[in-house]
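Next come the chains, spelled out residue by residue.
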Amino acid sequence: MITFQIAGYLTEFTGGRAEIKLNGSANTVAEALNQLWSEYVGLRDRVLTEQGHVRPHVNLFVNNQIVLRDRVLQTEITGDAEICIMPAVSGGTEPPAVAGG
């Protein structure tokens, strides 16, 4: 079984589901994602570029392990797997200046 954890705004494209379990197996992360795309077509374009690469603002974790963006799709899966798809968190502001300081 492959379990996907979907975080942040990406749940808009999974009908609000943050966890999706797919029966079956896959040899690589790319194969697992193709199974996910077959059920949630709109999610693909938010995770992959038109060339099929992971978007710079999306992180994929396989079994709680960080995998380099350029290698994650080729990462082998054996047995049950958990794949977390998480938008990168960035931005923010600098702390306000302290008056009189």
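Moving on to the sheet that holds strand β3 (residues 58–62). Reading across the sheet, the 5 strands line up as β2-β1-β5-β3-β4 and stay open at both edges, with mixed pairing between neighbours. Two strands bound the open sheet, and with one partner strand each, they are β2 (19–22) and β4 (65–66). Bridging between strand β1 (residues 2–6) and β2 involves 4 bridges; their strand directions are antiparallel. Within β2, the position partnered with glutamine 5 by the bridge is glutamate 19. Taken strand by strand, helix α1 (residues 29–39) contacts β1, β2, β3 and β5 (81–87), and its axis lies near 70 degrees from that of β1.

Right, let's talk about the nonpolar core for a bit. Core analysis: the largest hydrophobic core is formed by 26 residues, its most contacted members being Phe4, Ile6, Leu33, Leu36, Leu43, Ile83 and Ile85. Of all elements in the fold, only β1, β2, α1, α2 (41–47), β3 and β5 reach the threshold of two or more residues within this core. Ranked by the residues each element gives to this core, the list is headed by α1, at 5 residues. Those residues within four positions of phenylalanine 4 in sequence are excluded, and the remaining contacts are Ala18, Glu19, Ile20, Leu22, Ala32, Leu33, Leu36, Ile83 and Ile85.

Let us look at the side chain of threonine 3. Looking at where threonine 3 falls in the secondary structure, it is placed in strand β1. Take threonine 3: its relative accessible area is 9%, and that puts it in the buried class. Setting aside its immediate chain neighbours within four residues, threonine 3 contacts Glu19, Ile20, Lys21, Ala81, Glu82 and Ile83.

Procedures and definitions
Residues numbered from 1 in each chain as written. Predicted model: local features only at pLDDT ≥ 70, side-chain atom pairs only at ≥ 80, totals over all residues. Heavy atoms only, no water. Pairing = 2+ DSSP bridges. Helix = DSSP H or I, 4+ residues; strand = E, 2+ residues; numbered from the N terminus. Contact = heavy atoms within 4.5 Å. Axes fitted to C-alpha atoms, helices over the stretch in contact; angles between N-to-C directions. Core = buried A, V, L, I, M, F, W, Y, C linked by side-chain atoms within 4.5 Å. Buried < 20%, exposed > 50% of the residue type's maximum accessible area, 1.4 Å probe, protein only.

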